[in-house]
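Notes for the structure review
As a plain string of letters, each chain reads:
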Amino acid sequence: MAKDKKGSVLIVGGGIAGIQSSLDLANSGFKVYLVEKGPSIGGVMSQLDKTFPTNDCAMCILAPKLVGTGRHPNIELITNAEIEEVMGEAGNFTVAVKKNPRYVDEDKCTGCGACTENCPVKKAIYPVEEKIEIKLEPEDLERMKKIIEEYKGKEGALVPVLHNINVSYSYLPENILRYISEELDMPLSLIYQIATFYNAFSLKPRGKYTIDVCLGTACYIKGGNRILEAFERALGIKVGNTTEDLMFGIETISCFGCCGQAPVVVINEDLHGHFRITKVPKLIKSYKEVGNAEVEA
Amino acid sequence: MPKLKPEDLERITEKVKRTMILREGTGRAKITVHMGTCGIAAGSRAIMSALIKEIEEKDIKDVILTTSSCAGLCSREPMITVEVQNQPPVKYVDLTPEKVKEIFDKHVLSGEIVKEYALAFGSERVP
Amino acid sequence: MAYRANLMLCTCTMCVSVGALKIKKKLEEELKKHNLEDEIQIILTGSSWLCTKGPTLIVQPDDVVYQLLKEEDIPHLVEEHFLKGRPVKSLMYIHPEALHPIEKLHEIPFYRDQRLVALWNRGIIDPDQIDEYIARDGYKALAKVLKSMTPEEVVQEIKDSGLRGRGGAGFPTGRKWEFCRKNPNTPKYLICNADEGDPGAFMDRSIIEADPHSLIEGIQIAAYAIGAEKGYVYVRLEYPLAIKRLNRAISQAREYGLLGKDIFGSGFDFDIEMFRGAGAFVCGEETSLIHSIEGRPAEPTQKPPFPVEKGLFGSPTVINNVETLANLPRIINFGAEWFASIGTEKSKGTKVFSLAGNINNAGLVEVPMGITLREMVYDIGGGIPNGKKFKAVQTGGPSGGVIPSSLLDLPIDYERLQEAGAIMGSGGMIIVDEDTCMVDLAKYFLAFTNDESCGKCTSCREGSAAMLEILTKISEGRGEEGDIEFLEELGEAIKDASQCGLGQTLSNPVLSAIKHFREEFETHIKDKKCPAGVCKALIEYSIDPEKCTGCMACVKVCPQSAITGERKKPHKIDQSECIKCGVCKDACKFDAVKVE
């Protein structure tokens, strides 16, 4: 370690980047002030299980660095503090730091944790979500019971269950998801993660007719995006939305595999091949009136 | 439905063989019924029905039955052309369902040409 | 019932989209009218013929094909051909350069130049009839394997055949099986990957729709070879017809005892479960597909461990593509040597391509490996429509690249395509003509991968966004000197730093476009022009007064009312109002709307 002092550095933020920079700079001889807003350093990495790309345990990497930072003679930790003002120029800064009160004597505290355990208002800091009572309409309940009966206990049941709900309601209603979370004993967060990952699921109600504009390569080079824009203009909504009367929703699809018929538009289950931009108004009109598209190809 | 054994595959193959031969165009013999307006007027529909009946009744699997237009000899309709594999085609004229039955038995099934109904051997010359 | 003719009506998704079912109804009516319903049978097949020419009808045994059928054609067709025996020439296929229609199906170049292995039964059988599949040597390979071969012999046979995975990467199938076979852990799983996510690819869908039993038999052979008792088919949700047909085929096979316990009395137990995907491109990646079936977030994980070591539910798992599996029954029936005799040195057998884009004969094509791109585009594909110039072929979708016209004589196999900067991929082949802008195409693929990136790796998630931003900048005329070099550098970095195939290949479309069409990028940056007339910010629509007949068609459709003019006098576009939507160009019958 270089012993000769070179000057001082202030680092803002005590996450892994701040910690590592502090250690590197301190090791090369700088006096480091590490300012962190929170009461302790460590940042997000301390909350992670594994790290990319090696899947190493996050804490195994971080912990030695935390200890190293805490006891490094060249590093001065200023936690629970924020920068108020920076004055001066490169080479000669003066920084005003506001240190928030900790209400604990830092010199005496050993960090044993006994006080947090005994704090009567602990729950105010880490609130436990009140259990929400899930109410389903009788017919929904019956439908769900059937689905759950079929899949309960099976490995990998979640996606098929969501498919089933999606078919029944054309979207995934919140109360139903809460219900299956209970019944299948799966965390709601996981269900939401899966539900928002796939394009097939929607958390918002969909229109009676979903207009899927194919944007596969073949459709794209034949003007699929212009067709999409034409639908957006005609219905006055952007892709991914539904008209106010819940009649039409516009979605895109990455490929229907109908490249020979490109460009393709699919409305619910009806495919319209060799689509032309000029057909848009007529098509919308015929769906509005008759509920299907007797538009000549 | 009992479980299939390997031998059953052959049985099923035999069952749908006729359809497959039709689609692959690999029959042992091919009968063409000439169905121009003249042919239909002269009764080639009856000839066609008779042939279909024959094929069905005798459960023949490797004979293709097809139609073509007027062969140019309208006065002697109804006509058929019989092509047995590796033999020149034979045209039969002035047919009735009974005659067709005979032709089917003798020529198509046994390879023996029915001379008294035949017009000519071979096809018209193609330039 | 002895029928004298079979009408093979293509009812693939595409033909249905242009009215094949209406044609069916009309045919039935007309046949009934002429009392032909007992003589002529209508068979609904899977994709059989030129997809752009749908609806199509093949008449057997006459070997005649009709295309682009309309309801009003049917009465005439039925009367002429099926009653009077006179094939209707006006409905037949005409090769783009020829004047006369070609009567016989097998003489049409599109058909003649193909070699069917995976698509052995296409257009010949009714996919809903297991008996017809059996009549075409169906399930004989399975019987042979179960009765007379050990699993090791099957693995060896496939290794000898040189079959490589048809999903994209081209890993030797036999070797993959061997790893799994030798793994002592049980149970083992076989997954068929039918999550055909590449935009512009429809091979897997077509195989399932035309011949689902081939896939089932292939899955069983593979399962026997690796020792699996359960198989999954992971199908895209966007393929409802394929799902329906495969489901029906599976239940028929179960009825016949071809799936279930003790198949063919050999003691081999096997069953298949269908799993519907939910629309995520990344699920085509092996590890993420496995997670998707397990019901976990479908993000890829580090390999190794490979699925053959630790796959579905932690067990050894083989994942094969649909086409790979559909090849197996033929390899077993005809032998490894026969299969290895087709193709090139390192790429054996045939490959199914879906030919689409700006080409006359778009459709499903199976050709021997090693065929040149030129044969593909001009002989089979019939060239570029409307007299336009060929510009490039895009292969491999968002993981692949473009091949310019200078490389038209390139033989198609795994290695050669890779050398050219593209990949074989699953077999999507999009032909683009001079009206396609390479910057726009690259932007399109980046927008796709950026949207589909699962977000796990920073390099892929943020890198694709950064590349997309630069490409958008270029296409909007805000490109700067150095952008191209930056794209190249960034592209390479994303390749190095990403974990799964999606990230490792997402920069390919951009890099290959720059490699082969650098000057087009430069024109966008330096001259602020889009030579192909695609990038909106760099083009202007105008009306050619010489060609304009004053028909008012464009005036009526313009959403901005930006076009003015009187009847019979040339119209004019108000540039300040024009939003460049292209509707006027589409509406004009006289080609008077110009793009510059």
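Refer to the structure printed above.
None of the values given here were measured: they were computed from a predicted structure.

All names here are of chain A. If you trace the 4 strands from one edge of the open sheet to the other, you get β9-β8-β10-β11, paired in mixed fashion. Strands at the two margins of the open sheet, each flanked by one partner only, are β9 (248-253) and β11 (270-272). Within this sheet the neighbouring strands show an average axis-to-axis angle of 20°, counted without direction. Looking at chain direction, strand β10 (residues 265-267) and β11 are connected through 3 bridges and run antiparallel.

Residue and element names in this part refer to chain B. An ideal rise of 1.5 Å per residue puts 20 Å on 14 residues; helix α5 (residues 97-110) measures up with 19 Å between its terminal C-alpha atoms. At Phe104, α5 is bent by approximately 30°, the largest bend along its length. Every buried residue of α5 is accounted for by Val100, Ile103, Phe104, His107 and Val108. Of the surrounding elements, those touching the buried residues of α5 are β1 (29-34), α4 (44-58), β2 (63-68), β3 (80-84) and β4 (90-92). Downstream of α5 by a residue or two, Gly111 has a phi angle that is positive, lying close to 80°.

Attention shifts here to the pattern of salt bridges. One pass over the structure, following the stated rule, counts 52 salt bridges over all chains. Residue Glu232 of chain A is joined to Lys238 of chain A by a salt bridge in which the shortest nitrogen-to-oxygen separation is 3.6 Å. Residue Glu232 of chain A is classed as buried on the basis of its relative accessible area of 13%. Exposure remark for Lys238 of chain A: the relative accessible area of 55% places this residue in the exposed category. A salt bridge links Glu286 of chain C to Lys303 of chain C; the nearest nitrogen and oxygen atoms lie 3.2 Å apart. Of this pair, Glu286 of chain C sits in helix α12 (residues 286-294) while Lys303 of chain C sits in the loop between α12 and β11 (317-321); the two residues are 17 residues apart in sequence, bridging distant segments of the chain.

Glancing now at the packing of helix α9 (residues 203-210) of chain C against helix α11 (residues 240-255) of chain C. Residue and element names in this part refer to chain C. Two elements in contact, α9 and α11, have axes whose closest approach is 8 Å; the angle formed by their N-to-C orientations is 40°. In terms of orientation, α9 and α11 fall into the oblique class. You can see that α9 and α11 cross each other, and the crossing is left-handed. When α9 is examined against α11, the residues Arg205, Ile208 and Glu209 are found in contact with a partner set consisting of Leu241, Ala242, Arg245 and Leu246. Residues belonging to the contact of α9 with α11 are distributed by class as follows: 4 nonpolar, no polar and 3 charged.

All names here are of chain A. Closest axis-to-axis distance for the helix α5 (residues 138-151)/helix α7 (residues 174-183) pair is 11 Å, and the angle between their directions is 40°. Between α5 and α7, the crossing angle belongs to the class labelled oblique. Crossing hand, α5 versus α7: right-handed. Contact residues: Asp140, Leu141, Met144, Lys145 and Ile148 in α5; Ile176, Tyr179, Ile180 and Glu183 in α7. A class-by-class count of the residues in the contact of α5 with α7 yields 6 nonpolar, no polar and 3 charged.

This part is about helix α8 (residues 173-182) of chain C. Residue and element names in this part refer to chain C. Turning to α8, its buried residues number three or more, namely Thr173, Gly174, Lys176, Trp177 and Cys180. The arc enclosing the buried residues of α8, seen along the axis, measures out at 160°, which places them on a common side. If you follow the buried residues of α8, they end up packed against α7 (151-161), α10 (212-226), α12, β11 and α13 (322-334).

What follows covers a negative patch on the surface. Side chains of Glu56 and Glu57 of chain B together with Glu37 and Asp38 of chain C sit close together on the surface and give a patch of like negative charge. Mapped onto the secondary structure, Asp38 of chain C falls in the loop between α2 (20-33) and β2 (40-45).

Another point: the interface of chain B and chain C. With 33 residues of chain B in contact, the opposing surface of chain C contributes 41 residues. Between chain B and chain C, roughly 3,100 Å² of surface is buried when both sides are summed, and carbon and sulfur atoms account for 60% of that area. If you look at where chain B meets chain C, you find 5 residue pairs in polar contact (both at pLDDT 80 or more). Elements represented by at least two residues in the side of chain B that touches chain C include exactly α1 (6-15), α2 (17-24), α3 (37-42), α4 and β2 of chain B. Taken together, the residues of the side of chain B that touches chain C break down into 16 nonpolar, 8 polar and 9 charged.

How each quantity is defined
- The written sequence of each chain sets the order in which its residues are numbered from 1.
- The order in which chains are written sets their letters, starting at A; the order in which ligands are written sets their numbers, starting at 1.
- Only residues with pLDDT of 70 or above have their local features reported here, since the model is predicted, and side-chain atom pairs are shown and tallied only from 80 upward, although totals for entire chains, interfaces and linings are computed over all residues.
- Where side-chain values are given, they derive from all heavy atoms of the structure, hydrogens and water being excluded.
- Paired strands, as defined in this entry, are two strands with at least two bridges between them according to DSSP.
- Secondary structure elements are defined from DSSP: runs of H or I of at least 4 residues count as helices, runs of E of at least 2 residues count as strands, and each element is numbered from the N terminus.
- Axis geometry follows a simple rule: fit a line to the C-alpha atoms, using only the stretch in contact for helices, then measure angles between N-to-C directions, giving values from 0 to 180 degrees.
- The span you would expect from a helix comes to 1.5 Å times its residue count less one.
- Bend at a residue means the angle formed by two fitted axes: the first through the 7 residues ending at that position, the second through the 7 residues beginning there.
- Buried means the residue's accessible area, taken with a 1.4 Å probe over protein chains only, is under 20% of the maximum for its type, while exposed means over 50%, and partly exposed covers the values in between.
- The contact definition used throughout considers only heavy atoms, calling two residues in contact when any of these lie within 4.5 Å.
- What makes a salt bridge here is a side-chain nitrogen of Lys or Arg within 4 Å of a carboxyl oxygen of Asp or Glu, nothing more.
- Oblique is the label for every angle not falling under 35 degrees (roughly parallel), over 145 degrees (roughly antiparallel), or within 65 to 115 degrees (roughly perpendicular).
- Take the far helix as the reference: if the near one is turned anticlockwise from it by less than a right angle, the crossing is left-handed, and if turned clockwise, right-handed.
- The nonpolar class holds Ala, Val, Leu, Ile, Met, Phe, Trp, Tyr, Cys and Pro. Asp, Glu, Lys and Arg form the charged class, and all remaining residues, Gly among them, are polar.
- The directions considered for the arc are those from the helix axis to the C-beta atoms.
- The patches reported here contain residues having more than 30% relative accessible area and no salt bridge. Joining distances are 9 Å for like charges and 5 Å for nonpolar side chains (Val, Leu, Ile, Met, Phe, Trp, Tyr).
- The protein chains shown are the only cover counted for residues, whose accessible areas, like all others here, come from Shrake-Rupley with a 1.4 Å probe.
- We score Asp and Glu as negative and Lys and Arg as positive, and we do not count His or the chain ends.
- Where a charge lies is defined by one atom per residue type, namely NZ (Lys), CZ (Arg), CG (Asp) and CD (Glu).
- We define buried area as the total accessible area lost by two parts upon association, computed with a 1.4 Å probe and summed across both.
- Think of a polar contact as two N or O atoms within 3.5 Å of one another; within protein, one of them needs to be a possible hydrogen donor and the other a possible acceptor, and neighboring residues in sequence only count if both atoms come from side chains.

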